[in-house]
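Breakdown of the fold
Each chain is listed here by its residues.
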Amino acid sequence: MGSVNINRNLADQFYRYKMPKLITKVEGKGNGIKTVIVNMVEVAKALNRPPTYPTKYFGCELGAQTKFDIKAERYIVNGSHEAAKLQDLLDGFIKRFVLCPACGNPETILGVQAKKGVISTSCKACGHQGFIDTTHKLATYIMKNPPDVDPAITGASVQSGKKNKRKSKDESKSVKKQQNGDDGSHNVSDNSLPDNGHGENLEEDDWSVDTDAESVAKRMENLTLGAKGLMHNNDLEKPLQERLDIFFEFVKKYNSIINASAVRDIVAESERLELRDKAILIICVVLLNENIISQIKAYKILFLKFTSENLKAQKYLMGGIEQVINEHKEVLLPKVVHILKTLYDEDILDEEAILEWGVKPSKKYVSKELAQEIHEKAQPFLRWLKEAEEEDESSEEEENVEVVYSDRVRSTTLQEIKEPPAPKSPPEEEEEDDLDIDAI
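Scope of this entry: the structure provided in the associated data block. (Residues numbered from 1 in each chain as written. Predicted model: local features only at pLDDT ≥ 70, side-chain atom pairs only at ≥ 80, totals over all residues. Heavy atoms only, no water.)

Side note on the sheet that holds strand 8 (residues 118-123)
Taken together, the three strands give an open sheet; going across it, the order is 7-8-9, and neighbouring strands pair in antiparallel fashion. This sheet does not close on itself; its edge strands, each paired only once, are strand 7 (108-113) and strand 9 (129-131). Mean inter-strand twist for the sheet, computed between neighbouring axes without regard to direction, equals 25°. (Pairing = 2+ DSSP bridges. Helix = DSSP H or I, 4+ residues; strand = E, 2+ residues; numbered from the N terminus. Axes fitted to C-alpha atoms, helices over the stretch in contact; angles between N-to-C directions.)

Following this line, the structure appears as structure tokens:
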């Protein structure tokens, strides 16, 4: 999965405002069918908006109900909707509620004035301030759930926001005192350097920043995920193996503590290093051990971020599972069937990926002997999966029998038809008398 320009009307490849493509997954059948937006949190983070806003926007545009499970990071729109269709709708949301009307950049901040019934917007890029059109239905939701109190927004709460305001006021007062002095006087000598706004003189060193690796790493940690995605990093110029090593060390530092914040960080780092498909292999090697079955369930959300509707990532996942089995052969080799079934039941692996993997053992990740042994252990599950697939196909064929209905059947009535008696053949002489001479 790649990234796209936030403003998709711009085709500039060097456009620095990027967001991930939407990933969707359709669940359920019949009236219970629904579309789960798998990576809504990452997309919303890039837009600097709560994930509930674009999800609610989809519901307004499609006339469908929406559901949010913020802790599990599940954002749902009722009905079956393709990712491309929702991506087009997202462009409308971005145009209305994200892009600055003056400069077109997405560096805007929303503010709600509920008493006045207006939603203000201010741009950090150009300084433009204005108001958003409140005729759209989403505007009502934003009024009731402003950005600073929306539960889906990570960061400071309303209370901490008030503290920050008080702190900024106190700082501004101290700045004024430093600038004006206790007696209110402000003397500047002709030879003094310019003021930096805090009563301190600027020196040449103040205009530069440390560029060593440690300082850069600290600044990257202080940046939000959205800002990290906008920054150019030299790691992309490194070979694939070095980028995989960087990602390995990154995942390793979480020490198996995978919460919602860790999931976001790991996904963002994989995108920064452009390892989206291969990243799941590293995640398996770092996080999984002999307790693999319980760990798969615990890390389900993390796995789904990479494997949902991504057959290529699912193939790398199977490679990672093989390597984990290789590390704990005595414990995990007898559990191959249970491991595959857990991955299948949790929707992490699709039927197609498992059957394709089961066609032929590969020595790409483990030895040929071990790969063969793993496939032999997996045969009962593979047979079960094939039989289930054949049953589904036969049932679908039965369901697809076409019944033709015709109104003609309704109007048809049964009547007894009596055959008229056969006419008696006249004598030959009479037949000759009946001939019309003129007709001949």
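Some thoughts on the sheet that holds strand 6 (residues 74-78)
Taken in spatial order, the four strands line up as 3-4-6-5 in an open sheet, and their pairing is antiparallel. Strands at the two margins of the open sheet, each flanked by one partner only, are strand 3 (24-27) and strand 5 (66-69). On average, each strand axis in the sheet is tilted by 25° relative to the strand beside it, whichever way the strands run. Across four bridges, the pairing between strand 4 (residues 34-37) and strand 6 is antiparallel.

Description of the pattern of salt bridges
Inspection of every chain in the model, using the stated rule, returns 12 salt bridges. Arg8 is paired through a salt bridge with Asp91; the nearest N and O atoms lie 2.7 Å apart. Taken together, the residues Arg8 in the loop between strand 1 (3-5) and strand 2 (18-20) and Asp91 in helix 3 (residues 83-97) connect sequence positions 83 residues apart. For Lys315, the salt bridge goes to Glu356, with nearest N and O atoms at 2.8 Å. Here Lys315 is found in helix 13 (residues 311-327), whereas its partner Glu356 is found in helix 16 (residues 351-357), with 41 residues between them in sequence. The exposure class assigned to Lys315 is partly exposed, which follows from its relative accessible area of 41%. Classification of Glu356 as partly exposed rests on a relative accessible area of 37%. (Salt bridge = Lys/Arg side-chain N within 4 Å of Asp/Glu carboxyl O. Buried < 20%, exposed > 50% of the residue type's maximum accessible area, 1.4 Å probe, protein only.)

Topic: the nonpolar core
By size, the foremost hydrophobic cluster in this structure holds 52 residues, and its most contacted members are Phe247, Ile258, Ile266, Ile283, Phe303, Leu317 and Ile321. In this structure, Phe303 is in contact with Ile280, Ile283, Cys284, Leu288, Ile296, Leu317 and Ile348, ignoring residues within four places of it in sequence. Among the nonpolar cores identified, the runner-up in size contains 32 residues, and Tyr53, Tyr75, Phe93 and Met143 belong to it. (Core = buried A, V, L, I, M, F, W, Y, C linked by side-chain atoms within 4.5 Å. Contact = heavy atoms within 4.5 Å.)

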